[in-house]
Amino acid sequence: MGLLVNGDWVDRWYDTESSGGRFERQESRWRHQVSAEAPAGDGPHFPVSRDRYHLYVAWACPWAHRTLLARKLLGLEAVLPTSVVAPEMLDKGWVFDDAHPDRLYGLSRLSELYTRDTADATTRVTVPVLWDTVQQRIVNNESSEIIRMFWGAFAPLQRPDAPLAGHDLRPAALADELDAVNQRVYDTVNNGVYRAGFATTQEAYEEAVEAVFASLDWLEARLSTRRWLVGDRFTEADLRLFPTLFRFDAVYHGHFKCSRRQLQQYPALWAYTRDIYQLPGVAETLNLAETRRHYYHSHDTINPHRIVPVAPDLDFSQPHARAQLGSLRGDPTGS
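Residues numbered from 1 in each chain as written. Predicted model: local features only at pLDDT ≥ 70, side-chain atom pairs only at ≥ 80, totals over all residues. Heavy atoms only, no water.

Caption draft 1: Spatial organisation of the pattern of salt bridges. Summed over the entire model, instances satisfying the criterion amount to 18 salt bridges. A salt bridge links K72 to E77; the nearest nitrogen and oxygen atoms lie 3.2 Å apart. A relative accessible area of 19% means that K72 is categorised as buried. Close ionic contact of R159 with D161 constitutes a salt bridge, the shortest N to O distance being 2.5 Å. Its relative accessible area of 60% is what places D161 among the exposed residues. Residues joined by salt bridges that share partners form a network here, namely K72, E77, R159, D161 and E284. (Salt bridge = Lys/Arg side-chain N within 4 Å of Asp/Glu carboxyl O. Buried < 20%, exposed > 50% of the residue type's maximum accessible area, 1.4 Å probe, protein only.)

Right, dumping it as structure tokens:
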């Protein structure tokens, strides 16, 4: 674990001393947009173009998983190739190896991509990264914005027969509710499990873990009577929640000490997770073995001996019986 400081790599864990033991995530730095129209002012233009962009991801990372899900469900695989980093994130950060090559430049470390954009960058080196191969620049490294581009600017490039091709995952009529749900889920679930796992004081840990389970209880009640989180169809809220739920029992329950209950003890949430897992193509975006190897090998402040515990019994293929609560697209002909 480390970061770039003025373009030089520094092996440094997160600083929690100044925050009372609380983990504080750095905001993503690159926030450009792919767009058919040039932006106002002197900012760079990243036009919509087939085969121009490259997506850097990790099988393990829930933030990168969002982008892999959107890419798959919207049918962008053929126009948006990927490079996947190796699962271990150790003293050199995310790296590539023989089984996980950088398919663009043959780089050995993801930090080299960041300094290719900005030679003196000071930043954490994270995935996902949406990269422009023409200008050789980072377009964006904020997952919530990358996925919106996929059903926005990239819509003309979607494969027509993909499960959600042409589908707006953020309909204007639901925007306010989506924002409220997304914010709570991000603060207390997506990032909440990290706040629990990376806490360095008892108080900070208990504060974070209480918030995690308060929101899981809230989600359980919400999903007991509806198939999807917001409205009557699959939206970005579902896409943003699923990666955390998929990893919960296999990683966060033990490794991040979110140990009050397993996800499988929540009937609606567990069925909802299986429902999304069973959508066409979703299972292809998952690699649970690499996910578990990443967490248990990379965080030596939590697991210094890098012992990977025996995995819990998880059967995501069990029937979920949730289709009766709503359709995929929110119309009578949806699946």
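Caption draft 2: Up close: the pairing of strand 3 (residues 53-57). Most of strand 3 is tucked away, with five of its five residues classed as buried. Where burial is concerned, the two faces of strand 3 agree: the one with Y53, L55 and V57 and the one with H54 and Y56 are both buried. Of the pairings in the sheet, the one linking strand 3 to strand 5 (residues 129-132) comprises four bridges and is antiparallel in character. Its bridge partner lying in strand 5, H54 is registered against W131. Considered for its hand, the β-α-β crossover made up of strand 3, helix 1 (residues 62-73) and strand 4 (residues 82-84) is right-handed. (Helix = DSSP H or I, 4+ residues; strand = E, 2+ residues; numbered from the N terminus. Pairing = 2+ DSSP bridges. Right-handed = clockwise from strand over helix to strand, strands pointing away.)

Caption draft 3: Spotlight on the confidence of the model for the protein chain. Here the protein chain averages 94 in pLDDT, and 98% of its residues register 70 or above. Across residues 331-335, where pLDDT falls below 50, the model places four contacts with residues more than four positions away in sequence or in other chains. (pLDDT = per-residue confidence, 0-100. Contact = heavy atoms within 4.5 Å.)

Caption draft 4: Inspection of helix 9 (residues 288-298) at higher detail. Judged by how many residues are buried, helix 9 sits mostly within the fold: eight of eleven residues are covered. Looking at the buried residues of helix 9, the elements they touch are helix 1, helix 5 (192-197) and helix 7 (236-252).

Caption draft 5: Up close: helix 4 (residues 175-190). Over its 16 residues, helix 4 runs only 20 Å from end to end, short of the ideal 22 Å by more than 12%, given 1.5 Å per residue. Every buried residue of helix 4 is accounted for by A175, L178, V181, N182, V185, T188, V189 and N190. Of the surrounding secondary structure, the elements contacted by the buried residues of helix 4 are helix 1, helix 3 (143-151), helix 5, helix 6 (202-223) and helix 7. (Expected span 1.5 Å × (residues − 1).)

Caption draft 6: Structural view of unusual backbone geometry. Across the junction of V127 and P128, the peptide omega takes the value 5°, indicating a cis bond. Relative to the elements of secondary structure, P128 occurs in the loop between helix 2 (111-117) and strand 5. Notably, N6 is not glycine yet its phi reads approximately 55°, a positive angle. Residue position: N6 is located in the loop between strand 1 (3-5) and strand 2 (8-10). Phi angles above zero are rare outside glycine, and D51 is one such case at about 65°.

Caption draft 7: Broad picture of the nonpolar core. L216 and F234 are the most contacted members of the largest nonpolar core, which totals 98 residues. Counting residues per element, this core draws most heavily on helix 7, which supplies ten residues. Once residues lying within four places of it in the same chain are set aside, the contact partners of L216 are V189, L245, F248, Y266 and L269. (Core = buried A, V, L, I, M, F, W, Y, C linked by side-chain atoms within 4.5 Å.)

Caption draft 8: Broad picture of the packing of helix 3 against helix 7. Two numbers describe how helix 3 lies on helix 7: the axes approach to 11 Å, and their chain directions differ by 135°. Classified by the interaxial angle, the pair formed by helix 3 and helix 7 is oblique. Our pair here, helix 3 against helix 7, has a crossing hand that is right-handed. Contacts between helix 3 and helix 7 involve S144, I147, R148 and W151 on the former and, on the latter, E236, L239 and R240. (Axes fitted to C-alpha atoms, helices over the stretch in contact; angles between N-to-C directions. Parallel < 35°, antiparallel > 145°, perpendicular 65-115°, else oblique. Left-handed = near helix turned anticlockwise from the far one by under 90°.)

Caption draft 9: The arrangement of the environment of T118 in detail. In this fold, T118 is placed in the loop between helix 2 and strand 5. Taking the C-alpha atoms as reference points, T118 and V95, 23 residues apart in sequence, are found 18 Å from one another.

Caption draft 10: A look at the packing of aromatic side chains. Applying the stated rule across the entire model yields 26 aromatic pairs. Each ring, one from W13 and one from Y14, has its centre 5.6 Å from the other, and the planes form 70°; the classification is edge-to-face. Aromatic pair Y105 and W131: ring centres 6.2 Å apart, planes at 80°, arrangement edge-to-face. With Y105 in the loop between strand 4 and helix 2 and W131 in strand 5, this residue pair connects regions lying 26 residues apart in the sequence. Grouping aromatic residues by their ring pairs yields a cluster made of W13, Y14, F23, W63, Y186, Y194, F198, Y252, F256 and Y295. Taking the ring centre of W30 as reference, the NZ or CZ of R29 above it sits at 4.7 Å. Above the face of the Y105 ring, R116 is positioned so that its terminal group lies 3.9 Å from the ring centre. (Phe/Tyr/Trp six-rings, centres within 6.5 Å; stacked < 30°, edge-to-face > 60°. Lys NZ or Arg CZ within 6 Å of the ring centre and 35° of its normal.)

Caption draft 11: Looking closely at the side chain of R52. Structurally, R52 is set in the loop between strand 2 and strand 3. Here D132 takes part through its side chain, which lies 2.7 Å from a polar atom of the side chain of R52. Residues contacting R52, with those up to four places away along its chain left out, are H45, P47, W131, D132, T133, V134 and Q135. (Polar contact = N/O pair within 3.5 Å; in protein donor to acceptor, adjacent residues only side chain to side chain.)

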